[in-house]
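Here is what each chain is made of, one letter per residue.
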Amino acid sequence: MKLFHPTYFPNIASFSAFITDSVMWEVFDNYQKQTYRNRAHICTDRGLHVLSIPIAHTGNKSGRQLYQNVKVDNSYPWQRQHWRTLETAYRTSPFFEYYEDDIRPLYMVEQEYLMAFNLKTIETICQCLQIQIPSQKTSEYIRNPKEMDDYRFLASAKTKLSFEDTEYVQVFGDRHGFIPNLSILDLLFNLGPESVTYLKGTVLNTSNV
């Protein structure tokens, strides 16, 4: 079993790590900034682009807050912006129209809690790829897991990863070259059902993390 933080439309490395094994979601950790908890990387006509979900600030003096209690700041129309950006970036990809009706509803209903929304994005991708949806969650914070492999490092945007991934055709590859480890959305819209085969063939090296 592997221990993961649920992130926003997880990147390819994350999906490749949990697609072939059982997963436990860590839901009792404190929220941390500058992580994939509230951001996802895609490619637009201008190159690498970050979709960032605004977070409602807490009045807690310590600044600490349980991830599961973190609320989304809906005073800014981030959902409309994210969906328009995805449409613009991927409308010419081979499978955007095929999955559009699955992804769009996530941006049509106002979201309250960040973690709950992230789990919805993961569930939606799993349904699109027709793979088992990880549902197990921790009952308390696990500082040093003994019976699970700790993959929570994948939530950090600063972690440098080493993994074997094969280049695939991306919408703007002719302009920017191949950009690895984008959000799973990039893989889904470009490879469609073949994404599962791609993910199973991607090897993540955790020895240096």
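So, a few notes on the structure that sits alongside this text. (Residues numbered from 1 in each chain as written. Predicted model: local features only at pLDDT ≥ 70, side-chain atom pairs only at ≥ 80, totals over all residues. Heavy atoms only, no water.)

So, about the environment of Lys-120. Within the element layout of this structure, Lys-120 appears in helix 4 (residues 114-129). A sequence separation of 67 residues divides Lys-120 from Leu-187, and the C-alpha atoms of the two residues are 18 Å apart. Only 3.3 Å separates the side chain of Lys-120 from the side chain of Gln-111, close enough to count as a polar contact. (Helix = DSSP H or I, 4+ residues; strand = E, 2+ residues; numbered from the N terminus. Polar contact = N/O pair within 3.5 Å; in protein donor to acceptor, adjacent residues only side chain to side chain.)

As a further point, take the packing of helix 3 (residues 96-103) against helix 4. At a closest axis distance of 10 Å, the pairing of helix 3 and helix 4 adopts a crossing angle of 140°. In terms of their interaxial angle, helix 3 and helix 4 are classed as oblique. Crossing geometry of helix 3 relative to helix 4 is assigned as right-handed. Within the contact between the two elements, helix 3 uses Tyr-99, Asp-102 and Ile-103 and helix 4 uses Thr-124, Ile-125 and Cys-128. (Axes fitted to C-alpha atoms, helices over the stretch in contact; angles between N-to-C directions. Parallel < 35°, antiparallel > 145°, perpendicular 65-115°, else oblique. Left-handed = near helix turned anticlockwise from the far one by under 90°. Contact = heavy atoms within 4.5 Å.)

For Asn-38, the position within the fold is in the loop between strand 2 (23-25) and strand 3 (39-44). Side chain to side chain, Asn-38 and Tyr-31 meet in a polar contact 3.4 Å long. Apart from the residues lying within four places of it in its own chain, the contact partners of Asn-38 are Tyr-8, Tyr-31, Leu-51, Ser-52, Ile-53, Ile-55 and Leu-114.

Residues in a regular strand project their side chains so that they alternate between the two faces of the sheet. Summarising burial for strand 3: 5 of the 6 residues are buried, a large majority. Bridge analysis of strand 3 against strand 4 (residues 47-52) gives 6 bridges, and the strand direction is antiparallel. Counted as the bridge partner of His-41 is Val-50 from strand 4. Hairpin connection of strand 3 to strand 4: 2 residues between the antiparallel strands. (Buried < 20%, exposed > 50% of the residue type's maximum accessible area, 1.4 Å probe, protein only. Pairing = 2+ DSSP bridges.)

The set of residues buried in helix 3 consists of Phe-96, Tyr-99, Glu-100 and Ile-103. All buried residues of helix 3 lie within an arc of 135° about the axis, which places them on one face of the element. Summarising the geometry of helix 3, the exposed residues directed more than 90 degrees from the buried face are Glu-97, Tyr-98 and Asp-101. Packed against the buried residues of helix 3 are helix 2 (78-90), helix 4 and helix 6 (184-191). (Arc of directions from axis to C-beta.)

Here the structure, examined in full by the defined rule, presents 19 aromatic pairs. Aromatic pair Tyr-8 and Phe-117: ring centres 5.8 Å apart, planes at 35°, arrangement tilted. With a gap of 109 residues between them, Tyr-8 in the loop between strand 1 (2-4) and helix 1 (12-18) and Phe-117 in helix 4 connect regions that are remote in the sequence. Residue class for Phe-117 comes out buried when judged on its relative accessible area of 0%. (Phe/Tyr/Trp six-rings, centres within 6.5 Å; stacked < 30°, edge-to-face > 60°.)

None of this, on its own, says anything about what the molecule does.
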